[in-house]
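# Understanding the architecture of this molecule
Residue strings, one per chain:
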Amino acid sequence: FYESFRKKKSPVRILVTGGSGLLGKAIEHVVTKQGGARDGEEWIFLSSKDANLTDLAQTRAIFEKHRPTHVIHLAAKVGGLYLHMKENLQFWRDNIRINDNVLHTAHEMNINRVVSCLSSCIFPDKTTYPIDETMIHNGPPHESNYGYSYAKRMIDVQNRGYRSQYGRKYTAVIPTNVFGPYDNFNKENGHVLSALINKTHTAKVEGSPLQVWGSGKPLRQFIYSLDIARLIIWVLREYEEVSPIILSVGEDDEISIKEAVEKIAETLEFKGEIVYDTTKSDGQIKKTASNAKLRSLLPDFEFTPFPQALKETCDWFLNNYDIARR
Amino acid sequence: FGDPVSPVRILVTGGSGLLGKAIEHVVTKQGGARDGEEWIFLSSKDANLTDLAQTRAIFEKHRPTHVIHLAAKVGGLYLHMKENLQFWRDNIRINDNVLHTAHEMNINRVVSCLSSCIFPDKTTYPIDETMIHNGPPHESNYGYSYAKRMIDVQNRGYRSQYGRKYTAVIPTNVFGPYDNFNKENGHVLSALINKTHTAKVEGSPLQVWGSGKPLRQFIYSLDIARLIIWVLREYEEVSPIILSVGEDDEISIKEAVEKIAETLEFKGEIVYDTTKSDGQIKKTASNAKLRSLLPDFEFTPFPQALKETCDWFLNNYDIARR
């Protein structure tokens, strides 16, 4: 008779797919260690160990187990420049499948809020700058990662379809180049800053030169994963549009790969030779994105200064060297 | 000593539709097939291609060497506007099932079918094959359009990773026997043929949706069929190819209405309901690539193609999709 003995289900259950990745871990940190969660909220962080989201049955099973009211959908097949160039077809197929499984399962379970994650690398390659949210379908993406890019663009198409047919408030965020703890620091497959941190550490330990792929000239807006995490949580709660929103530092905070390399060397106290291998591809030279929409909605948001964010990331890498993805 | 399996087996998905039936006609009645070729025409009765297991089963049953992939969830303007999500999901699924099953079964040649309606809405004219991803498609059918555009992405992926010679054709506005003549869901000319016939029989005015001003390059399904067969055999590029009459042969809906009325001998009043959507005003496509590869191809003149289509509709009224 005594139903009060049963554990009550939280009224708000937020499921984060890709919860063990760079952004997922950052959100988990903000939610569990920095007071980002509200009373009555249950946050559930999934990884690929919990479910293979390219499989519909597994996706449904994990959604039915947790019965979320909200979803932050970060899971994807991701990689660095060189992996994308080799496997565009797989990147397209797997991400289309993951996204359709997650969005349609959410819809079938009457979940009204899903925030998915795009990327600034999906924008048209031939374009004017700065890039803004209205431009994502205005031309083919860079040839190096067209499979991934088109699959991610389709999330925007799906969001519009679910909203206009069913009133679902599904939307997406577009971070620029994210870095932080728990990233993939693999020297070949990792994102650029993480791969460089790993390579610089190794070069220092071995007393060898630091080999940087490409010319060092490409420009990027780097944004700390903990800042993205706080912004995604804000989007989940407050952002009303179906159009995606760019999450980035301002255009004036763009830096070159070379500047980033030098900052990392300084942070890790690497004093050896730095060599730029210009036979290796640079990827896109520029990707300057406008954060005007974000600024108009959140004028007072303060980004973590780059040197501090880089130091926290390097410290994490050194302190967690054994468990870091390398 | 069982029947030897033909060395060339061409599987046509969507074989019971407008283009599929046209290809079947050319292949079986107009000498379009070559010796040693077996042509297999599938319909949704044979397999539901949104289901991977059924797709694999039908491919394993026929073990094709070539595929002409026409099957899709299709419809007229008003259906698209209501169901963009379904159009996207079903077509993405069908296309992935067909292309990946073909790849897994080591089939090196698949010709898929896009549509001129998938091009960017805001664009310069004439449209050509290099432009398909250069901006959002028309809002009325973005689900279908994006799903079809993704075929081009898939083709490039299969070619660069596995060397598969998968490609696509882009017809403009096709019409002909076996189309869907439904007055609400059918393609524009077919719906008009049906409506004109009904108006004539009932002695009522012909109600045309929209202003009549939109311009279209109409192409006869039997011409498309002959061209698709040529593409299957001869066209080497991964880039899609537009299959269309020339830009000078573009006509307005109003001209098409009047030609249909003349063909069906409808003499009643024609009313244009301008409260109804026109869809895209222009879609002028360039057939320069086709012309450079096939300079001598002769399209069936529009009045003759329209007459053959109207005759088919009248003679097959009971079985026509209406």
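Residues numbered from 1 in each chain as written. Chains lettered and ligands numbered in written order. Predicted model: local features only at pLDDT ≥ 70, side-chain atom pairs only at ≥ 80, totals over all residues. Heavy atoms only, no water.

Note the cut-off: UniProt positions are given in the numbering used here, feature names are shortened, and annotations may be inferred rather than shown by experiment.
An unreviewed UniProt entry annotates chain B as GDP-L-fucose synthase originating from Denticeps clupeoides. Check the Function (unreviewed entry) section of the UniProt entry for chain B; it says "Catalyzes the two-step NADP-dependent conversion of GDP-4-dehydro-6-deoxy-D-mannose to GDP-fucose, involving an epimerase and a reductase reaction." Listed in UniProt under the heading Pathway (unreviewed entry), the comment for chain B reads: "Nucleotide-sugar biosynthesis; GDP-L-fucose biosynthesis via de novo pathway; GDP-L-fucose from GDP-alpha-D-mannose: step 2/2."

As recorded by an unreviewed UniProt entry, chain A carries the name GDP-L-fucose synthase and is attributed to Denticeps clupeoides. Per UniProt, chain A has the following entry under Pathway (unreviewed entry): "Nucleotide-sugar biosynthesis; GDP-L-fucose biosynthesis via de novo pathway; GDP-L-fucose from GDP-alpha-D-mannose: step 2/2." Its UniProt record gives chain A the following Sequence similarities (unreviewed entry) comment, quoted word for word: "Belongs to the NAD(P)-dependent epimerase/dehydratase family. Fucose synthase subfamily."

### A short note on the overall build of chain B
Applicable threshold: To qualify as a helix, a DSSP run of H or I must reach at least 4 residues; to qualify as a strand, a run of E must reach at least 2; elements of each kind are numbered from the N terminus. All radius of gyration figures rest on C-alpha atoms, and the globule criterion is 2.2 Å times the number of residues raised to 0.38. Throughout this description, buried means an accessible area under 20% of the type-specific maximum (1.4 Å probe, protein chains only), exposed means over 50%, and partly exposed covers the range between. Only the protein chains shown count as cover for residues, and the accessible areas themselves come from Shrake-Rupley with a 1.4 Å probe.
Helix and strand counts for chain B stand at 10 helices and 12 strands. In summary, chain B has a C-alpha radius of gyration of 19 Å against a globular reference of 20 Å for 322 residues, a match within 12%. The dimensions of chain B, computed from C-alpha atoms along their principal axes, are 65 × 45 × 40 Å. When each of the 322 residues of chain B is scored for burial, the buried share is 57%. For chain B, the exposed area adds up to about 13700 Å²; of that, 48% sits on carbon and sulfur atoms.

### Notes on the sheet that holds strand β5 (residues 169-175) of chain A
Across a sheet, strands are paired by hydrogen bonds formed along the backbone, either parallel or antiparallel in direction. All names here are of chain A. Formally: Pairing between strands is defined by DSSP: at least two bridges between them are needed. What counts as an axis is a line fitted to C-alpha atoms, over the stretch in contact for a helix, and the angles between N-to-C directions run from 0 to 180 degrees. Note on definitions: a residue-residue contact is assigned when non-hydrogen atoms from the two residues lie within 4.5 Å.
In space, the six strands of this open sheet follow the order β2-β1-β3-β4-β5-β10, with parallel pairing throughout. The open sheet has two free edges, formed respectively by β2 (41-45) and β10 (245-247), since each of these has just one partner strand. Looking at each pair of strands side by side, their axes are set apart by 20 degrees on average, direction ignored. Pairing of strand β4 (residues 113-117) with β5 involves five bridges; the strand directions are parallel. Paired with R113 across the bridge in β5 is K169. With respect to the sheet, helix α4 (residues 88-108) is in contact with β3 (70-73), β4 and β5, its orientation differing from that of β3 by roughly 175 degrees.

### Some points on the environment of F301 of chain A
Residues and elements named next belong to chain A. Residue placement: F301 occurs in the loop between α9 (292-297) and α10 (306-319). Placed 137 residues apart in sequence, F301 and S164 show a C-alpha to C-alpha distance of 31 Å. Every residue in contact with F301, bar those within four places of it in the chain, is listed here: D227, R230, L231 and R295.

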